[in-house]
Amino acid sequence: MKLSVNSASVPTSIAGVAPSNEAFDEEQSALWHSLIESRIGMILPEIQRSLFERRVKERMKLCGLDVMSYYQLVQIHSPEWQQLVEDLVVHETAFFRHLPSYELLEHRLSLFKTPVHIWSVGCSTGEETWSLAMTAHSHAVHGFSVMASDISESVLNIARSGLYSWRKAEKIPEKYRENCIELPVGHAKHAAHASSMTTQDWQVSDVLRQHVFFHRFNLMDSADVPFRRLQIIFCQNVLIYFRQFDRRDILDALVQRLDIGGLLVLGPGEMVDWDHPAMKRVKHAGTLAYERVKV
Ligand SMILES: C[S@@+](CC[C@H](N)C(=O)[O-])C[C@H]1O[C@@H](n2cnc3c(N)ncnc32)[C@H](O)[C@@H]1O
């Protein structure tokens, strides 16, 4: 069968193949799972498998393809592949999600004598990124930038907007609220009254926006990491979805992007058995962090 996939939209030009409603057989399942693992490093949790299968079938139907033709399509038609990726990845996140990590960050930021460049790896909808920016705004006395990346374009769009609900602001420490959050343009009231409001959205303030940059980046391309000479890398709740050997490759690539004296902060419990000749474990209660001590 000839696939015509020139446009960025769903390839409606492919027709004539009756989509199947049958469940994937073992071979088909294995093919799809190995495609996902090799492309995005993710081992699909059991609980997500049937959801994924259903999603693939919906897309197959829309494209008028059977399972194997659709499998071929996603490999050559990147917008179609991206559609599937958006549904696969887990985006759960929160502002100041792991407080001890931010306490460690506060302490370290105050020690740097030059501007601090931070990478928020797997930033999801931006809560981690903006939490890093809020902390740096107060503690990085010589200036800062935050680079944030994720594989999903839809979460990056939310992250870039910097618009959130009041419910999400609950975890932002009081000390950052005055300067770092404000009401959206056009709203009469000031953010200081935030605690008495429950339904309205707020936005991150302009003083943070000018320091923060978002990029789409697949960690499976870790050899081509677009950032270098960083002082801080936050990589929390991302590696848990990857195969063990991919986790190691990714961490090794992150180390290469850190300056000597730079800090790599993982989620507690993630990769506890990892070591690297250039990295020394940092002792700070409740955290899993490493400092780069060698070239
Ligand atoms: C559970 S969220 C964690 C968000 C944030 N780091 C936190 O701790 O709250 C994991 C994020 O990693 C992203 N992700 C998963 N696989 C990825 C990959 N191969 N490359 C880049 N980002 C990926 C997902 O899109 C998702 O937004």
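These numbers were taken from a predicted model, which means no experiment stands behind them.

A. Region of the structure containing the overall build of the chain. The helix and strand inventory of the chain stands at eleven helices and ten strands. Restricting the contact set of the chain to residue pairs at least 6 apart, pairs at least 24 apart contribute 73%. Split by element, the accessible area of the chain, about 14,400 Å² in all, is 52% carbon and sulfur.

B. Quick peek at the packing of helix 1 (residues 26-40) against helix 2 (residues 46-63). The N-to-C vectors of helix 1 and helix 2 enclose an angle of 100°; their axes lie 12 Å apart at closest approach. Overall, the two elements helix 1 and helix 2 adopt an arrangement that is roughly perpendicular. Residues Ser29, Trp32, His33 and Ile36 of helix 1 touch helix 2, and the partners they reach there are Arg49, Phe52, Glu53 and Val56.

C. Summary view of the site of the ligand. Around the ligand sit 20 residues, and of these Thr93, Arg97, Asp150, Leu219 and Asn237 come closest. At 3.1 Å, a side-chain N or O of His91 approaches an oxygen atom of the ligand. Its free accessible area being 600 Å², the ligand has 98% of it covered by the protein chains. Grouping the amino acids of the shell around the ligand by side-chain chemistry returns nine nonpolar, seven polar and four charged.

D. Broad picture of the sheet that holds strand 1 (residues 116-121). Reading across from one edge, 6-2-1-7-8-10-9 is the order of the seven strands in this open sheet, with mixed pairing throughout. Each having just a single partner strand, strand 6 (212-216) and strand 9 (279-282) make up the two edges of the open sheet. Sheet twist, expressed as the average angle between the axes of neighbouring strands with direction ignored, equals 20°. One ladder, built from five bridges, connects strand 2 (residues 144-150) with strand 6; its direction is parallel.

E. Here's a closer look at the pairing of strand 2. A large share of strand 2 lies buried, amounting to seven of its seven residues. Residues of strand 2 alternate between two faces, with Phe144, Val146, Ala148 and Asp150 on one and Ser145, Met147 and Ser149 on the opposite face, all of them buried. By the bridge criterion, six bridges tie strand 1 to strand 2 in an arrangement that is parallel. Within the sheet, the bridge partner assigned to Ile118 lies in strand 2 and is Val146. The handedness of the strand 1 to strand 2 crossover, carried by helix 6 (residues 127-139), is right-handed.

F. A look at the sheet that holds strand 4 (residues 181-182). Taken in spatial order, the three strands make up an open sheet running 3-5-4, and their pairing is antiparallel. The outermost strands of the open sheet, each flanked by one partner alone, are strand 3 (163-165) and strand 4. The pairing of strand 3 with strand 5 (residues 201-204) spans three bridges and is classified as antiparallel. Across the sheet, the residue bridging to Ser165 is Asp201, located in strand 5. With respect to the sheet, helix 6 is in contact with strand 3, strand 4 and strand 5, its orientation differing from that of strand 5 by roughly 55°.

G. The arrangement of the pairing of strand 7 (residues 230-235) in detail. The buried count for strand 7 comes to six of six residues, which makes it a mostly enclosed element. Where strand 1 and strand 7 come together, three bridges link them in parallel fashion. Residue pairing across strands places Ser120 opposite Phe234, the latter belonging to strand 7. Where strand 7 meets strand 8 (residues 258-266), five bridges bridge the pair, whose relative direction is parallel. Within strand 8, the position partnered with Ile232 by the bridge is Leu263.

H. Structural context of the side chain of Gln203. Positionally, Gln203 belongs in strand 5. Setting aside anything within four residues of it in sequence, one finds Gln203 in contact with Gly162, Leu163, Cys180, Ile181, Glu182, Leu183, Pro184, Val185 and Arg209.

I. Molecular detail of the side chain of Arg257. Relative to the helices and strands, Arg257 is located in the loop between helix 11 (244-256) and strand 8. Salt bridges are absent for the buried Arg257, whose nearest opposite-charge side chain, Asp224, sits at 6.7 Å. If we ignore the near neighbours within four places in the chain, the residues touching Arg257 are Ala223, Asp224, Val225, Phe227, Arg228, Arg229, Leu230 and Ile233.

J. Unusual backbone geometry, seen in detail. We note that Ser124 has phi near 55°; this positive angle belongs to a residue other than glycine. Examined against the element boundaries, Ser124 turns out to sit in the loop between strand 1 and helix 6. We classify Ser124 as buried; its relative accessible area is 5%. In this structure, Met271 is a non-glycine residue whose phi angle is positive, near 55°. In this structure, Met271 sits in the loop between strand 8 and strand 9. Met271 gets classed as buried once you look at its relative accessible area, which sits at 3%.

Calculation rules
- Residues numbered from 1 in each chain as written.
- Predicted model: local features only at pLDDT ≥ 70, side-chain atom pairs only at ≥ 80, totals over all residues.
- Heavy atoms only, no water.
- Helix = DSSP H or I, 4+ residues; strand = E, 2+ residues; numbered from the N terminus.
- Contact = heavy atoms within 4.5 Å.
- Areas by Shrake-Rupley, 256 points an atom, 1.4 Å probe, with all protein chains shown as cover.
- Axes fitted to C-alpha atoms, helices over the stretch in contact; angles between N-to-C directions.
- Parallel < 35°, antiparallel > 145°, perpendicular 65-115°, else oblique.
- Near = heavy atom within 4 Å.
- Polar contact = N/O pair within 3.5 Å; in protein donor to acceptor, adjacent residues only side chain to side chain.
- Nonpolar A, V, L, I, M, F, W, Y, C, P; charged D, E, K, R; others polar.
- Pairing = 2+ DSSP bridges.
- Buried < 20%, exposed > 50% of the residue type's maximum accessible area, 1.4 Å probe, protein only.
- Right-handed = clockwise from strand over helix to strand, strands pointing away.
- Lys, Arg positive; Asp, Glu negative; His and termini not counted.
- Salt bridge = Lys/Arg side-chain N within 4 Å of Asp/Glu carboxyl O.

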